[in-house]
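Survey of secondary and tertiary structure
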Amino acid sequence: MDERIRRYARLAIRAGIHLQQGQELVISSPVECAPFTRLLAAEAFACGAGDVTVHWTDEAVTRLRYDHLPVEAFQTVPSWLRELNNGSARRGAAHLSISAGNPEAMKGVDPKKPSAYIAASHRECKEFYDALDMGRNQWCILSVPTQAWADKVFPGDSRAVERLWDAILKAVRADSEDPVAAWEQHRRSFQRRTAWLNGAGLDRLHFQNGLGTDITVGLPEGYRFTGGGDRTVGGVDFFPNMPTEEIFCTPDKNRVDGVVYSALPLNYQGTLIDRFHLRFQGGVVTEAHAETGGDALNALLETDEGARRLGELALIPKQSPLSEMGILFYNTLFDENAACHFALGKGFPECIENGLTMTPEQLEQKGMNDSATHVDFMFGTGDLCVTGFDKKGNAVPVFRDGGWAE
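Computed from a predicted structure; not experimentally measured. (Residues numbered from 1 in each chain as written. Predicted model: local features only at pLDDT ≥ 70, side-chain atom pairs only at ≥ 80, totals over all residues. Heavy atoms only, no water.)

Topic: helix H9 (residues 179-189)
Within H9, the full set of buried residues consists of Pro-179, Ala-182, Trp-183, His-186 and Arg-187. Considered in projection along H9, the buried side chains sweep an arc of 145° and stay on one side of the axis. Looking at the buried side of H9, the elements it contacts are helix H1 (3-16), helix H10 (191-198), strand E8 (230-231) and strand E9 (237-238). (Buried < 20%, exposed > 50% of the residue type's maximum accessible area, 1.4 Å probe, protein only. Helix = DSSP H or I, 4+ residues; strand = E, 2+ residues; numbered from the N terminus. Arc of directions from axis to C-beta. Contact = heavy atoms within 4.5 Å.)

This is how it looks when you write it as structure tokens:
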């Protein structure tokens with residue numbers, strides 16, 4: 001096996017989730033990714049894992065369920081899944097998910113079905129999601145190739161899987177001699193930018209580009225931009241996403257006005273949504289249109305009340321390593337790190353000062369959005385202009401021509 005792949009598994013366990021001695025690990029993995037999943041399990045036990053549980057998924061079976069069962073079947077989750085998620089979170093387990101599959105596996109599925117299942121999962125596995133959202137348990141999402149995914153990214157190429165492996169390993173820095181050290185250096189590289197943004201006293205950001213995006217996004221009192229990893233309330237550093245190139249914040253859910261146009265396709269629950277725009281007024285989406293995948297976009301927006309509001313804004317310059325690769329991955333984990341993006345749905349409490357110690361009511365008062373969903377979509381372009389304004393209306397250049405202004 002390629003030594004880079006072994007280093008990738010080691011990186012995921014030792015830095016991605018930063019598994020602690022005796023800690024339980026739960027891995028969610030497509031069946032196609034079994035060889036790499038076994039590497040992860042072996043590395044976890046080598047690090048002293050208390051136990052490793054694998055939750056296998058199969059998008060072909062998932063597709064059959066969506067095709068043959070009514071929407072009512074997806075309005076609840078099995079008791080065993082509730083116990084797996086809530087019970088493992090209660091025990092302090094780390095959670096690692098492999099995001100890989102056919103970008104169009106669910107094409108033609110009634111979008112109300114996956115949306116119903118997302119809402120049910122967050123409702124019935126609330127203990128699990130709260131543990132991740134409030135910084136009690138480490139979690140990490142990463143990816144490895146599948147044949148169907150590789151064929152979508154590199155159509156007609158007999159080396160598609162190999163090429164996708166190369167791109168992924170480069171994106172996650174597993175092609176370096178010491179990926180764990182490379183990621184620690186990567187973590188430190190975010191510090192200067194986040195310190196500058198957090199000290200700028202910004203009240204709002206205005207985004208404009210040639211696609212037609214013209215939108216102003218307010219920031220909450222005590223906003224905090226972050227990037228380059230996260231930390232649990234117990235002091236364990238980890239990386240929720242591998243790769244990661246973004247500096248992000250949670251906006252004020254009530255102060256978003258204007259229109260934003262997508263710059264890249266969005267793969268939402270196996271359905272591609274492309275060439276779409278959203279118009280906001282008072283923080284709420286009042287108009288949505290997509291040339292492709294409109295039904296899926298509408299179903300996303302109807303997940304719950306919070307799905308029509310923003311939970312994240314992320315800044316990624318056009319000089320990002322993912323952007324410079326020039327590859328459309330059709331996978332949000334990668335594509336979101338190639339362009340500035342917003343997310344519809346739930347916000348991040350760690351992006352508000354002392355947010356991890358606040359109650360849901362206190363976070364809501366600060367303007368943080370709550371939702372059962374969190375879906376990133378990319379709008380960043382090479383001509384994107386971002387201007388910050390303080391409470392007095394003084395302008396602060398942030399992005400010019402798709403990159404940092406300073």
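Back to the text.
Some points on the layout of surface pockets
Of the pockets and cavities examined, the second largest pocket occupies roughly 590 Å³. Lining the second largest pocket are 25 residues, with Lys-126, Lys-346, Pro-360, Asp-370 and Ser-371 positioned closest to its centre. Taken together, the elements giving at least two residues each to the lining of the second largest pocket come down to helix H5 (112-124), helix H6 (126-133) and helix H14 (360-366). Residue composition of the lining of the second largest pocket, grouped by class: eight nonpolar, five polar and 12 charged. (1 Å grid on protein atoms, 1.4 Å probe; cavity = no way out; pocket = protein on both sides within 12 Å on 5 of 7 lines; lining within 4 Å. Points joined across faces, edges and corners; volume = space filled by probe spheres on them. Nonpolar A, V, L, I, M, F, W, Y, C, P; charged D, E, K, R; others polar.)

Let's talk about the pairing of strand E18 (residues 385-390)
In terms of burial, E18 is largely enclosed, as six of its six residues are buried. Residues Cys-385, Thr-387 and Phe-389 point to one face of E18 and Val-386, Gly-388 and Asp-390 to the other, with burial holding for every one of them. Here strand E5 (residues 202-208) runs beside E18; their pairing, made up of six bridges, is antiparallel. Looking at E18, one finds that Arg-204 is bridged to Phe-389. In the sheet, E18 pairs with strand E19 (residues 395-400) via four bridges, with the strands oriented antiparallel. Note on E19: the bridge partner recorded for Phe-389 is Ala-395. (Pairing = 2+ DSSP bridges.)

Things to note about H5
Here H5 contains 13 residues, and its C-alpha end-to-end distance of 18 Å stays within 8% of the 18 Å for a straight helix at 1.5 Å per residue. Buried within H5 are the following residues: Lys-113, Pro-114, Ser-115, Ala-116, Ile-118, Ala-119, Ala-120, Ser-121 and Glu-124. On the buried face of H5, the contacting elements are helix H3 (59-68), helix H4 (79-90), H6, strand E12 (266-268) and helix H11 (294-301). (Expected span 1.5 Å × (residues − 1).)

Observations regarding the nonpolar core
Tyr-8, Leu-25, Phe-36 and Leu-96 are the most contacted members of the largest nonpolar core, which has 51 residues in total. The contacts of Leu-96, once residues within four sequence positions are left out, are Ala-12, Ile-13, Ile-17, Leu-25, Val-26, Ile-27, Ser-28, Leu-40, Cys-140 and Leu-142. Grouped together as the second largest cluster of nonpolar side chains are 42 residues, Ile-215, Leu-219, Ile-247 and Val-375 included. (Core = buried A, V, L, I, M, F, W, Y, C linked by side-chain atoms within 4.5 Å.)

Here we look at the packing of aromatic side chains
Counted according to the given criterion, the structure contains 15 aromatic pairs. A centroid spacing of 5.0 Å and a plane angle of 35° characterise the contact between Tyr-8 and Phe-36, whose relative ring orientation is tilted. Within this pair, whereas Tyr-8 is found in helix H1, its partner Phe-36 is found in helix H2 (residues 34-46), the two being separated by 28 residues in sequence. As far as the burial class goes, Tyr-8 and Phe-36 line up, both buried. Ring centres 4.8 Å apart and planes at 45° place the aromatic pair Tyr-66 and Phe-74 in the tilted group. Summarising the burial analysis for this pair, Tyr-66 and Phe-74 share the class buried. An aromatic cluster of three or more residues is present, and its members are Phe-207, Phe-276, Phe-342, Phe-377 and Phe-379. Across the ring face of Tyr-330, the terminal group of Lys-152 is positioned such that the distance to the ring centre comes to 4.9 Å. (Phe/Tyr/Trp six-rings, centres within 6.5 Å; stacked < 30°, edge-to-face > 60°. Lys NZ or Arg CZ within 6 Å of the ring centre and 35° of its normal.)

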